[in-house]
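Here are the chains, one letter per residue:
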Amino acid sequence: MNEILQNLVILQDLDEMISEAENTEILHQQKKMGFEIKGIEKLKEARKELMEKIPPDVLNHYKKIIKRYGRAIAPVKDNICLGCFITIPTSLSSKEIGNQFLRNCENCGRFLYWV
């Protein structure tokens, strides 16, 4: 898998963990069950370091897609983007080629990876 794409997947996971850790409703439920979420600052620091490894134009596109859809990366299975469920053109559909380069869905704009 492309290194930039791997970093984007990790960034998306970190964003979700930070979002859950900062959600007051989730924090309240965790506290009621006797759990305490710690390490949010470490997650934010890891996110900051990771963002430095991603080219600015890719990072800007990532942020735009996250705001629009909530998830910026979608798997492709049987030539279908599982973000918007549109068939991927055959020019992009090769798994070997698709995972070597950073590809976007022509419909939703999400970054794609082939499973």
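Small disclaimer: the values here were computed from a predicted structure and weren't measured.

**Things to note about the packing of aromatic side chains**
Consideration 1: Going through the model one piece at a time under the given rule, you end up with zero aromatic pairs.
Consideration 2: In this structure, Arg110 packs its charged tip against the face of Tyr69, placed 4.1 Å from the ring centre.

**Description of the pairing of strand β4 (residues 111-114)**
Consideration 1: Strand direction decides the pairing type here: strand β1 (residues 73-77) and β4, joined by four bridges, are parallel. Bridge pairing in β4 places Ala74 opposite Leu112.
Consideration 2: The sheet contact formed by strand β3 (residues 103-104) and β4 spans two bridges and is antiparallel. The residue bridging Arg103 from the neighbouring strand is Leu112, located in β4.
Consideration 3: The antiparallel pairing of β3 with β4 creates a hairpin that spans six residues between the two strands, and Gly109 there sits at a positive phi of about 85 degrees.

**With respect to unusual backbone geometry**
Consideration 1: At Asp78, a residue that is not glycine, the phi angle is positive and equals roughly 55 degrees.
Consideration 2: As for its placement among the helices and strands, Asp78 is situated in the loop between β1 and β2 (80-81).
Consideration 3: The class of Asp78 is exposed, set by a relative accessible area of 67%.
Consideration 4: A positive phi angle is found at Asn79, which is not glycine, with a value near 60 degrees.
Consideration 5: With respect to the secondary-structure elements, Asn79 resides in the loop between β1 and β2.

**Here we look at the nonpolar core**
Consideration 1: Grouped together as the largest cluster of nonpolar side chains are 14 residues, with contacts concentrated most on Leu8, Leu11, Ile54, Leu59, Tyr62, Ile73 and Phe111.
Consideration 2: For this core, the secondary-structure elements that each account for two or more residues are α1 (3-22), α3 (40-51) and α4 (56-69).
Consideration 3: If we skip the residues at most four places from it in the chain, Ile54 touches Asn7, Leu8, Leu11 and Leu59.
Consideration 4: Residues Cys81, Ile88, Cys105 and Trp114 belong to the second largest nonpolar core, which totals nine residues.

**Quick word on the confidence of the model for the protein chain**
Consideration 1: Averaged over all residues, the pLDDT of the protein chain is 89; the fraction at 70 or higher stands at 92%.
Consideration 2: Mean pLDDT values over the elements of the protein chain span from 59, in helix α5 (residues 95-98), up to 96, in α4.

**Regarding the sheet that holds β1**
Consideration 1: What the four strands build is an open sheet, ordered β2-β1-β4-β3; its pairing is mixed. If you trace the sheet from one side to the other, it starts and ends with β2 and β3, each paired once.
Consideration 2: Here β1 pairs with β2 via two bridges, running antiparallel. Its bridge partner being in β2, Val76 is matched across the sheet by Cys81.

**Considerations on the pattern of salt bridges**
Consideration 1: Following the criterion strictly, the structure yields three salt bridges and no others.
Consideration 2: Close ionic contact of Asp15 with Arg47 constitutes a salt bridge, the shortest N to O distance being 2.3 Å. With Asp15 in helix α1 and Arg47 in helix α3, this pair connects stretches of sequence that are 32 residues apart.
Consideration 3: Taking the shortest distance from any N to any O, the salt bridge between Glu16 and Arg71 comes out at 2.1 Å. In this pair, Glu16 is assigned in helix α1 and Arg71 in the loop between α4 and β1, connecting sequence segments 55 residues apart.

Reading the values: the criteria
- Residues numbered from 1 in each chain as written.
- Predicted model: local features only at pLDDT ≥ 70, side-chain atom pairs only at ≥ 80, totals over all residues.
- Heavy atoms only, no water.
- Phe/Tyr/Trp six-rings, centres within 6.5 Å; stacked < 30°, edge-to-face > 60°.
- Lys NZ or Arg CZ within 6 Å of the ring centre and 35° of its normal.
- Pairing = 2+ DSSP bridges.
- Helix = DSSP H or I, 4+ residues; strand = E, 2+ residues; numbered from the N terminus.
- Buried < 20%, exposed > 50% of the residue type's maximum accessible area, 1.4 Å probe, protein only.
- Core = buried A, V, L, I, M, F, W, Y, C linked by side-chain atoms within 4.5 Å.
- Contact = heavy atoms within 4.5 Å.
- pLDDT = per-residue confidence, 0-100.
- Salt bridge = Lys/Arg side-chain N within 4 Å of Asp/Glu carboxyl O.

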